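# Notes for the structure review
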Amino acid sequence: MLKRIVTIQDISCFGKCSLTVALPILSAMGLETAVIPTAVLSTHTGGFTGYTFRDLTDDISPIANHWKDLELHFDGIYTGYLGSIEQVKIVTDFFDTFKNSDTSIIVDPVMGDAGKMYAGFTHEFAVEMKKLCSKADVIVPNMTEVSFLLDVPYTETYDEEYIKEMLRRLTDLGCPVAIITGVCYGDGMHGAVAFDSRTSTFSSSFRPHIDCTPHGTGDIFSSALSGSFVKGNSLQEALDTAVAFTAKSIEATLPDIDKYWYGVSFEKCLGMLTE
């Protein structure tokens, strides 16, 4: 029987991010994938101008209510970009409604990158995101989002002990497992580090650094990680899958990076996830 996951995030109709990345990746991994779009954009906001935007906040609760009437069960709930405090609160209620003892909740607390918040986000939004993270089983922030969640200065210079301390503090928010993405100690390697507070153990996965930062890599990583985790793989296996798939997808993009500057050619690598 297929396991079922729902992912809640926006859909950028062109640009390879959010739902247009999550849906094919999760499906390739053999998961029945349901979606709740939080907004519809003509393109993503990174590098495009003049894009259209339609907020779907008012549609989220009616979808959830219909699903509740149908008595749907989800083995996994995975959230990405949420565009407002109201949406975060609605998704918090969604967790309370649909979480069972065998439901894994993965939150990618999308708020910013390179030390800056995305447009429209505020400190108050970060406070609500902390509450959402407290209800998750796994959270997947990058270093910028770590700074917002923990109210610490953003830094690009750190060592292993600093990352471990941040991970411990992230689990103090209430989530059993925290994963920091985009970790690079300056040794030519790039990857992710995790901490499981239930066993007080750390896990990590690294690949050689690729000097390229195309759009959508965070969504690719979180989607592959969520799929692997919901399928029942160990934390280490999920990390290895997500890091390897993200790295291979970036490598596949490099020959045509000028043409595909707006997204990663992950489609070439989906076969990795079906094995």
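Residues numbered from 1 in each chain as written. Predicted model: local features only at pLDDT ≥ 70, side-chain atom pairs only at ≥ 80, totals over all residues. Heavy atoms only, no water.

The element strand S9 (residues 177–183) is largely enclosed, with a buried count of six among its seven residues. Strand direction decides the pairing type here: strand S8 (residues 138–139) and S9, joined by two bridges, are parallel. Bridging across to S9, Ile139 finds its partner in Ala178. Alignment of S9 against strand S10 (residues 189–196), held across five bridges, turns out to be antiparallel. Across the sheet, Ala178 pairs through a bridge with Phe195, a residue of S10. (Buried < 20%, exposed > 50% of the residue type's maximum accessible area, 1.4 Å probe, protein only. Helix = DSSP H or I, 4+ residues; strand = E, 2+ residues; numbered from the N terminus. Pairing = 2+ DSSP bridges.)

Turning our eyes to something else, we now look at the packing of aromatic side chains. According to the stated counting rule, one finds 17 aromatic pairs in the structure shown. A centroid spacing of 5.7 Å and a plane angle of 85 degrees characterise the contact between Trp261 and Tyr262, whose relative ring orientation is edge-to-face. Among the residues examined, Trp261 registers a relative accessible area of 38% and is labelled partly exposed. Each member of the aromatic cluster is reached from another via a ring pair, and the members are Phe14, Phe48, Tyr260, Trp261 and Tyr262. Taking NZ or CZ as reference, Lys16 lies 5.1 Å from the ring centre of Tyr260, over its face. Positioned above the aromatic ring of Phe202, the side-chain terminus of Lys164 is 5.0 Å from the ring centre. (Phe/Tyr/Trp six-rings, centres within 6.5 Å; stacked < 30°, edge-to-face > 60°. Lys NZ or Arg CZ within 6 Å of the ring centre and 35° of its normal.)

Across the sheet, which stays open at both edges, the nine strands sit in the order S3-S2-S1-S4-S5-S8-S9-S10-S11 with mixed pairing between neighbours. Lying at the two open borders of the sheet, with one neighbouring strand each, are strand S3 (53–55) and strand S11 (201–208). Taken together, the three bridges between strand S2 (residues 32–41) and S3 define a ladder with antiparallel strand orientation. Its bridge partner being in S3, Leu41 is matched across the sheet by Phe53. Along the sheet, helix H2 (residues 57–69) makes contact with strand S1 (4–12), S2 and S3, crossing S2 at roughly 160 degrees. (Contact = heavy atoms within 4.5 Å. Axes fitted to C-alpha atoms, helices over the stretch in contact; angles between N-to-C directions.)

Before going further, it helps to examine helix H4 (residues 123–134). Spanning 12 residues, H4 covers 17 Å between terminal C-alpha atoms, matching the ideal 16 Å at 1.5 Å per step. Considering only its buried residues, H4 is in contact with strand S4 (76–79), helix H3 (85–98), strand S5 (104–107), strand S7 (116–117), S8 and helix H5 (143–150). (Expected span 1.5 Å × (residues − 1).)

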